[in-house]
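Examining the three-dimensional arrangement
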Amino acid sequence: GVQDADILQWDSAIYFVEEEEGVMNVDVIRMGLMKETISVDYATEDASAKAGERYEAVSGTLTFEPGCVVKTVAIPLIDNDRWDTTLEFKIRLTNPQNCELGRYLYLSRVKVIDGDYFPSSTYAKEFDRYGVTDTAFQEAGISGLQLLWEYITLNLSSPGIKLKSAGVLLIDFLQNLYFLLTTYIVQYAADNVLGDAKPEELLIPGSKDQTLLFLAAAYLLPFVVLNVLDVWKAQQRIAEESRGNLQRSIFRKFLNFDEISRASVSSSELGLSIIQDADDIVSSGFMNVFELLKQLGKLLVSLYFIQAENPEALLPTIAVAVAIALFILLNYETSSQMREEVSERQARIIDVAQEGSAKIGLIGDYKVRPLMEERLTHRISDLNEASVPLSTTQVTNDYFPSWLSNLLVAGYLAYGGEAVIDGSIQIGTFLATVNIFKGISDTFKDIFTASLELSKATGPIVKITALLNKQTNLRAQKRINRRRRQVTKQERTPERLAELRRATGQRYGTDGIPIRLEGVGFAYPGAQTSIADATLSVGQGSLVAVCGPRRGGKSTLIKLLGQVVDPTQGEIFIPSYLRILHVGANPVVLDGSIWRNLTIGSINFWRDPEAETQRAMRICERLGFNSRFMTLLRDTRQQFLDGEDGEEHAWARTLSISDQMLVHLARALVYNPEILVMNRPTSQLPEAIADEVFFMLREFVDNRGIALPPESAAKRRPRTAFISFARMAGVLNSDVVWVVEGGQVRETAKEDVSALLVQ
């Protein structure tokens, strides 16, 4: 019957692979008596990683003969030299035949780790030698402009961006040709149609009127076409896509930082990087290159006209161009440094504002509002001191090319006018040349502005390059995940599973595999050892109380068990198919709806949203949420199921600390992990509610989940909880007690635990 059916699922909730490995092997594991032939379909699904770009899509059917415990699926990866953040795709099991799918791990994710440097590996040797920081770039002789060029190359390697960019360049080229065309039309009209050309030599022989109409049409019709093309260009969303890609990359990279990298980036720095720096890199860097190329193209067609029609005017034009180029070279670095200084001082103002918002209670309690205002005033003054020189420099930069260009036009009016009077050039050529010079005047100013505008991108690209090359924890997670999967595979041979069934009395031998700490040690960088040589084991389905005096290492052990930090020696073995959830001591309430807060993480695995939301409400009710909260849950449940609950978070503004803690705990129980790791979950709760939490944690372990049918408990994986309790009642409610004292971890009897060890 269904109750006796074997279970098929992936052997891990998440996999890690580096793109250079070429292939990712993932395992489907079988749980049960293994007496029948069973099968299941599998397929990859796109997420942030796309098939054909990062991996090759695979699908098929796996058939398990009697006694077969595992099947492997090979997923080819696509290696390239293009930088990208860590991307992921999904793998899904469907259509089980003569078996069931695991409640959660019918769906898993594969993270593909990119080993290239941002924005490219061109300077890999320098990065390896000097590091990837602002000062390291200076030591290596790598400028912001060089990094910006590499980013532009990276962005253009995106197929969609590349094709659209080619279209934009073509349209800009046509606009420059149109400028040249209109110049020649004006010259021809003045010198030939309105001049002394013979009627039979006109474009339409014998008719000046028809020739003028033809010239008017030739002037106007291309403009109509260019207008249509410009509308198309504006709709291509090149800037929006480029900026969005960079912003997502920054945020995705930050989410994968290790603790040291994460601590080195403040929330204001991250916010400015995503909002301002990414925009500066795209708008003032990438998109500005199009404008620069367009204006350089316009300058070239202007020089072509001058060379062809009035070569005497070529030399002063080139002299002005050289003068502007020299001015840019001399002032570029200064302008860039000024902009970066202003950006840094803006970030300091945001720091004060964020601290004031986040810690308003403390500021009010200690009556230090004037102090905070004074700090903000000082930082505003610092910003103003940096902004005034920048504004002055910008005015000078704006006027310099205009002065040179106006001098060029004024000089030609005097020189060219005399040439018309003495008959050496025709009036049409003179007027066309004046038009060209006026165009060149504007072009010089636009080239100058666009060149200096690039300086707004050089500071941010240096900062973003350092940010996007910070250390992540992905390779450490990959190593631990591979080791867990390897040991799990060794523990799950048919012979070993049969032995575990006999020894533990578990229905599934896999549920009898113990959780082990083997010589585990941990030390924070530059600090003394927090945990030393911990070697213990506990069976799945246990409630483990973690006790010890303050600063004895309890929190560190909880972080190790919850995979927040990785051991610096030894290893913690937890079967790879068991999902681990770490719940910190301080409650966290996300922006967004109440349902978004309760279901984050768990909703990805739901197959019956109606039943799952009902279960979430039962958990909240048992935890003692007040009537207002429960009414809000009921009233917004259908909106949530329909995907219309929105981003409303006004409900969270009036929550007490206890209420926030209940949301924090409810979220974990709704998630229903196989391994629950909690740090002091009841420290901020009244005693009556704390007692209910103890009771629910007991049920979580005994019933293999909260608010789930007891009759199907045997089909669910055992639940194991590691809890750092702040009350003795929690310890007495546990199965096993681990004491952490002076960095040493030992198991002890409940009756030997004193109140000094529960703090």
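Just so we're clear, the structure is a prediction, and the values are computed from it rather than from any experiment.

What follows is about the environment of leucine 497. Looking at where leucine 497 falls in the secondary structure, it is placed in helix 15 (residues 494–504). Leucine 497 gets classed as buried once you look at its relative accessible area, which sits at 2%. For the pair leucine 497 and valine 224, spaced 273 residues apart in the sequence, the C-alpha separation amounts to 77 Å. Aside from chain neighbours lying at most four places away, what touches leucine 497 is Met34, Val69, Glu491, Arg492, Gly509 and Thr510.

Turning to the side chain of aspartate 280, a few remarks are in order. Tracing the sequence through the fold places aspartate 280 in helix 8 (residues 267–309). For aspartate 280, which is buried and forms no salt bridge, the nearest opposite charge comes from lysine 456, at a distance of 4.8 Å. In this view, aspartate 280 contacts Gly285, Lys456, Ala457 and Pro460; residues no more than four positions away in its chain are not counted.

A separate point is the nonpolar core. Counting residues in hydrophobic clusters, the biggest one holds 69 residues, and the most contacted among them are Phe118, Tyr151, Leu246 and Ile250. When sequence neighbours within four positions are dropped, the list of residues in contact with tyrosine 151 reads Phe118, Pro119, Ser242, Leu246, Ile281, Val282, Phe286 and Ile461. Ala545, Ile594, Ala616 and Met617 belong to the second largest nonpolar core, which has 50 residues in total.

Here we come to the side chain of glutamine 236. With respect to the helices and strands, the residue glutamine 236 is situated in the loop between helix 5 (208–234) and helix 6 (238–255). Within the local environment of glutamine 236, its side chain forms a polar contact with the backbone oxygen of tryptophan 232, the two atoms lying 2.8 Å apart. Not counting residues up to four positions away in its chain, the partners in contact with glutamine 236 are Lys164 and Glu241.

Looking now at the layout of surface pockets. In this structure, the second largest pocket encloses a volume near 1200 Å³. Along its surface, the second largest pocket is lined by 48 residues, and Asp134, Phe137, Val462, Lys463 and Ala466 are the ones closest to its centre. Counting residues per element, the ones that place at least two in the lining of the second largest pocket are helix 2 (134–140), helix 3 (144–156), helix 6, helix 8, helix 9 (314–358), helix 13 (455–468) and helix 14 (474–491). In terms of residues, the lining of the second largest pocket owes the most to one element, helix 9, which gives 9 residues. Here the lining of the second largest pocket is composed, by residue class, of 16 nonpolar, 18 polar and 14 charged.

What follows concerns the environment of threonine 393. Note that threonine 393 resides in helix 11 (residues 369–421). C-alpha of threonine 393 to C-alpha of serine 335: the two residues are 58 residues apart in sequence and 7.4 Å apart in space. Looking at threonine 393, its side chain comes within polar contact range of the main-chain oxygen of proline 389, at 2.9 Å.

Our next topic: empty space enclosed by the protein. The probe, sized like a water molecule, is rolled over the atoms to show the empty space still left. This model, assessed by the stated rule, comprises 1 cavity of 30 Å³ or more. Approximately 40 Å³ is the volume attributed to the largest cavity. As for the largest cavity, its lining consists of Leu665, Leu669, Met678, Val693 and Leu697. In terms of residue class, the lining of the largest cavity is built from 5 nonpolar, no polar and no charged.

What follows is about the pattern of salt bridges. Applying the stated rule across the entire model yields 39 salt bridges. The partner of glutamate 491 in a salt bridge is arginine 496, and the shortest N-O contact between them spans 2.8 Å. Of the residues examined, arginine 496 reaches a relative accessible area of 24% and is grouped as partly exposed. A salt bridge links aspartate 511 to arginine 717, with the shortest nitrogen-to-oxygen separation between them at 2.8 Å. Placement of aspartate 511 in the loop between helix 15 and strand 10 (515–523) and of arginine 717 in the loop between helix 21 (687–702) and strand 16 (720–724) is noted, with a sequence separation of 206 residues between them.

Reading across the sheet, the 6 strands line up as 14-15-16-12-17-18 and stay open at both edges, with mixed pairing between neighbours. Sheet topology places strand 14 (580–583) and strand 18 (744–748) at the edges, where each strand pairs with a single neighbour. This sheet shows a mean twist of 20° between the axes of neighbouring strands, independent of strand direction.

What follows is about the sheet that holds strand 7 (residues 87–97). Spatially, 2-9-7-4-5 is the arrangement adopted by the 5 strands of the open sheet, whose pairing is mixed. Because the sheet does not close on itself, it has two edges, and the strands there are strand 2 (14–18) and strand 5 (59–64). Neighbouring strand axes in the sheet, compared pairwise and without regard to direction, differ in orientation by 25° on average. Sheet analysis places strand 7 next to strand 9 (residues 107–113), joined by 6 bridges and oriented antiparallel. Bridge pairing links phenylalanine 89 to valine 110 in strand 9. Strands in contact with helix 14 are strand 2 and strand 9; relative to strand 2, the strand with the most contacts, it is inclined by about 120°.

Among the surface-exposed residues, Leu170, Phe173, Leu174 and Leu177 lie close enough to one another that they form a single nonpolar patch of about 350 Å² accessible area. Structurally, leucine 170 can be placed in helix 4 (residues 159–196).

The subject of this paragraph is the packing of aromatic side chains. Scanning the model with the defined rule gives 19 aromatic pairs in all. Look at tyrosine 178 and tyrosine 219: their rings are 6.2 Å apart centre to centre, the planes differ by 70°, and that puts the pair in the edge-to-face class. You can see tyrosine 178 sitting in helix 4 and its partner tyrosine 219 sitting in helix 5, a full 41 residues away along the chain. Pairing phenylalanine 722 with tryptophan 738 gives two aromatic rings, centres 5.5 Å apart and planes at 45°, and the pair type is tilted. Of this pair, phenylalanine 722 sits in strand 16 while tryptophan 738 sits in strand 17 (residues 736–741), and the two are 16 residues apart along the sequence. A single burial state applies to phenylalanine 722 and to tryptophan 738, both of which are buried. Aromatic rings pair up to connect Tyr117, Tyr123, Phe127 and Phe137 into one cluster. Lysine 298 extends its terminal NZ or CZ atom over the ring of phenylalanine 179, reaching a point 4.8 Å from the ring centre. Across the ring face of phenylalanine 605, the terminal group of arginine 579 is positioned such that the distance to the ring centre comes to 5.7 Å.

Let's shift gears to the pairing of strand 3 (residues 23–31). Of all 9 residues that make up strand 3, 7 are buried, and the element is covered over most of its length. Across 7 bridges, strand 3 lies against strand 6 (residues 70–76) in antiparallel orientation. Of the residues in strand 6, the one forming a bridge with asparagine 25 is alanine 74.

Most of strand 16 sits inside the fold, with 5 of its 5 residues counted as buried. Of the two faces of strand 16, the one holding Thr720, Phe722 and Ser724 and the one holding Ala721 and Ile723 are both buried throughout. Pairing of strand 15 (residues 675–679) with strand 16 involves 5 bridges; the strand directions are parallel. Each bridged residue has a counterpart across the sheet, and for asparagine 679 the counterpart in strand 16 is serine 724. The parallel pair strand 15 and strand 16 is bridged by helix 21, and the resulting crossover is right-handed.

The linkage connecting phenylalanine 118 with the following residue, proline 119, adopts the cis geometry, with an omega of 0°. Secondary-structure assignment places proline 119 in the loop between strand 9 and helix 1 (124–130). At arginine 237, a position not held by glycine, the phi torsion is positive, near 55°.

This brings us to helix 5. The end-to-end C-alpha distance of helix 5 is 39 Å, a good match for the 39 Å that 27 residues give at a rise of 1.5 Å each. Turning to helix 5, its buried residues number three or more, namely Thr211, Leu215 and Leu226. Buried residues along helix 5 sit in contact with helix 4. The N-cap of helix 5, judged by a side-chain oxygen 3.0 Å from the amide nitrogen of glutamine 210 a few residues on, is serine 207.

Rules used in this analysis
Residues numbered from 1 in each chain as written. Predicted model: local features only at pLDDT ≥ 70, side-chain atom pairs only at ≥ 80, totals over all residues. Heavy atoms only, no water. Helix = DSSP H or I, 4+ residues; strand = E, 2+ residues; numbered from the N terminus. Buried < 20%, exposed > 50% of the residue type's maximum accessible area, 1.4 Å probe, protein only. Contact = heavy atoms within 4.5 Å. Lys, Arg positive; Asp, Glu negative; His and termini not counted. Salt bridge = Lys/Arg side-chain N within 4 Å of Asp/Glu carboxyl O. Core = buried A, V, L, I, M, F, W, Y, C linked by side-chain atoms within 4.5 Å. Polar contact = N/O pair within 3.5 Å; in protein donor to acceptor, adjacent residues only side chain to side chain. 1 Å grid on protein atoms, 1.4 Å probe; cavity = no way out; pocket = protein on both sides within 12 Å on 5 of 7 lines; lining within 4 Å. Points joined across faces, edges and corners; volume = space filled by probe spheres on them. Nonpolar A, V, L, I, M, F, W, Y, C, P; charged D, E, K, R; others polar. Pairing = 2+ DSSP bridges. Axes fitted to C-alpha atoms, helices over the stretch in contact; angles between N-to-C directions. Patch = residues over 30% accessible without salt bridge, like charges linked within 9 Å, V, L, I, M, F, W, Y side chains within 5 Å. Areas by Shrake-Rupley, 256 points an atom, 1.4 Å probe, with all protein chains shown as cover. Phe/Tyr/Trp six-rings, centres within 6.5 Å; stacked < 30°, edge-to-face > 60°. Lys NZ or Arg CZ within 6 Å of the ring centre and 35° of its normal. Right-handed = clockwise from strand over helix to strand, strands pointing away. Expected span 1.5 Å × (residues − 1).

Taken by themselves, the reported measurements are silent on function.
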